[in-house]
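# Tertiary structure, described
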Amino acid sequence: MLLVAAGLRIWQAARHRLWLDELYTTTLIDTPSLSHVWSGALQGADGNPPLYLSLSWALTHALPGAPEAVLRTANLVVLSVAALLLYRIGRRVADPASVVAGLTMLCGVDGMVGYALLEVRTYALYLALVVGTLWATLGVVDRPSRGRVAVLAGVGVLATLSHSFGGFYVLTTLAAAGLVAVVDRDRHLVLALAAAALPAGATLAGWIALSLAAQLAVATPYGWIPVPDAMELLVALTGSLLLTPFLGVGLVCAAVLRPPSVAGLLRCCAERRDIAVVVAALSGFAALTAAGWVGSRLITPFFVPRYFIPNVAVAALLVVAGLAALRRNVGGGLSAVAVVVCIASGVGKIAVDPGEALGAIPCSDAAGRFLEEGFARDGLPVVAESPDAWLVRARYAPDQAILYPLDWQVVVRFPFRARNNAMDFHIMEILHGWAAPGSALATGVLATEDIVARHRHLLVLDEEARSWFTQLRATHPVSARLLREGPGCRLWDVTLGGEAPGGSAG
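These remarks concern the structure in this document. (Residues numbered from 1 in each chain as written. Predicted model: local features only at pLDDT ≥ 70, side-chain atom pairs only at ≥ 80, totals over all residues. Heavy atoms only, no water.)

Taken in spatial order, the six strands of this open sheet run S3-S2-S1-S4-S6-S5, and their pairing is mixed. Of all the strands in the sheet, just strand S3 (445-447) and strand S5 (478-486) have a single pairing partner and so form its edges. Put simply, the sheet's adjacent strands are angled 35° from each other on average, direction ignored. Bridge analysis of strand S4 (residues 457-463) against strand S6 (residues 489-496) gives seven bridges, and the strand direction is antiparallel. (Pairing = 2+ DSSP bridges. Helix = DSSP H or I, 4+ residues; strand = E, 2+ residues; numbered from the N terminus. Axes fitted to C-alpha atoms, helices over the stretch in contact; angles between N-to-C directions.)

Below, the structure is given as structure tokens:
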């Protein structure tokens, strides 16, 4: 039922255009050479290790269909694997009905699940591989054989290569298991976990060494990530702003109102090492998230809730444990009703609306049409101030002459109007140099002075949060006539150095 519902949602999403981050993905994989994909990623056009881009390149070149359809279907497969692994982990702490109901209900209340399903980015793979690391760790804890250690090491390396934060989740998981082994004085298990951690640690260190300089350059002279607030921490801890306080209150109430439940958990952890590892790992995930939030407030901002999407596993297993406790303490009929309601809500929600909305397309009208539709004629170029507006037009209106201005003065003079001015400048400059000759990126990304020198008459998409048109008016003689307005954007008919077309100067 859930697979059918998710498939329906993917089919519905096909009607929507991709947004900026997804367009970076499709741009980088739209090349005949895998080495060219890696080149773009290592130059800083994508902030994550190239595992997802490599797999996406292979899938979209091997399978027919639009890249977004292929990759969203792959997300569904990957998330199905993640769900199976979470089921196996959940069965260690709860009965089958509670696990199934909890995992299904999570799709209805945790927006990050829907985000991972629909986003043409690495997040589904990242989530699945971190969950896979926890599952493989429990296998080693059960029986630390060489084969299981090798599997854990391999999954850990893949998880490290799935996202820039993946290695930290892998090392947190293995450190949690190692702590339990130290408490149990199991030297053999400690050595096995250490052996599994070394490849992931080395991979993480290697990726940081390769990519840090490029990532810092992209964030020069300022980064795009704001200082996080408490709401973002609540979202990141479980993937849901509502679920985090609900689960937190539930844990506190269980501890205060039913002290024996805490004693029972401690006794269970003492008797069953695998349960102790699960509790320690989930606690480690929460501590890692809190540390990232504090570091972003005290040192430099790098905290974005979706970067901590493996915390969906925290939400899943807490919900499963809560349902299992409910089934143990209430009548069978009531608990059966709760299970049915959980399954129905999850299936219905993922089929209709998975929670996390797709990114909005800038400079479009209420119907989703580009503002310049009907005005861009006879090769009249359109200047888009942001990569969001430029990339979507380069993909969905390829016959339109669309220009992106590279202007360092905009970056320097307007740091607070759009915090991503600097990142946008650097990434578009990287993609311009990386692109194949004759492509839209190679011909349509130009310095402002080149645009001014080549085009006297053009259309400009002036976004409220952007500054290029403001800078142009301050530095060049400009006449402009307003043609159309949309949410947060105006379309101007611009003549450089002369009177506006139609004789009405703006």
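Turning to the nonpolar core, a few remarks are in order. Counting 127 residues, the largest nonpolar core has Ile309, Trp390, Met428, Leu431 and Leu461 as the members making the most contacts within it. Top contributing element to this core by residue count: helix H8 (residues 123-142), with 13 residues. When neighbours within four sequence positions are excluded, Trp390 is seen to be in contact with Ala384, Ile402, Leu403, Tyr404, Met428, Ala440, Leu441, Gly444 and Val445. Residues Val383, Leu458, Val460 and Trp468 belong to the second largest nonpolar core, which totals 15 residues. (Core = buried A, V, L, I, M, F, W, Y, C linked by side-chain atoms within 4.5 Å. Buried < 20%, exposed > 50% of the residue type's maximum accessible area, 1.4 Å probe, protein only. Contact = heavy atoms within 4.5 Å.)

Here the focus is unusual backbone geometry. Outside of glycine, negative phi angles account for most residues, and trans bonds account for most peptide bonds. Of note, the amide linkage connecting Thr220 to Pro221 takes the cis form, showing an omega dihedral of 5°. Structurally, Pro221 can be placed in the loop between helix H11 (187-218) and helix H12 (230-238). With a phi close to 60°, Arg185 is a non-glycine residue in the positive phi region. On the secondary structure map, Arg185 appears in the loop between helix H10 (166-183) and H11. A positive phi is found at Cys363, a non-glycine position, where the angle reads about 60°.

Turning next to the packing of aromatic side chains. For the coordinates displayed, the defined rule picks out 10 aromatic pairs. Residues Phe165 and Tyr307 carry aromatic rings whose centres are separated by 5.5 Å and whose planes lie at 75° to one another, so their mutual orientation is edge-to-face. Of this pair, Phe165 sits in the loop between helix H9 (146-160) and H10 while Tyr307 sits in the loop between helix H15 (273-298) and helix H16 (312-329), and the two are 142 residues apart along the sequence. Taking relative accessible area as the criterion, Tyr307 reaches 16% and is therefore assigned buried. Between Tyr169 and Phe285, the aromatic rings sit 5.0 Å apart at their centres with planes inclined by 80°, giving edge-to-face as the arrangement. Of the two residues, Tyr169 sits in helix H10 while Phe285 sits in helix H15, which places them 116 residues apart along the sequence. In this structure Tyr169 comes out as buried when scored by relative accessible area, which is 0%. Grouped by ring-pair contacts, the aromatic residues Phe165, Phe168, Phe302, Phe303, Tyr307 and Phe308 constitute a single cluster. (Phe/Tyr/Trp six-rings, centres within 6.5 Å; stacked < 30°, edge-to-face > 60°.)

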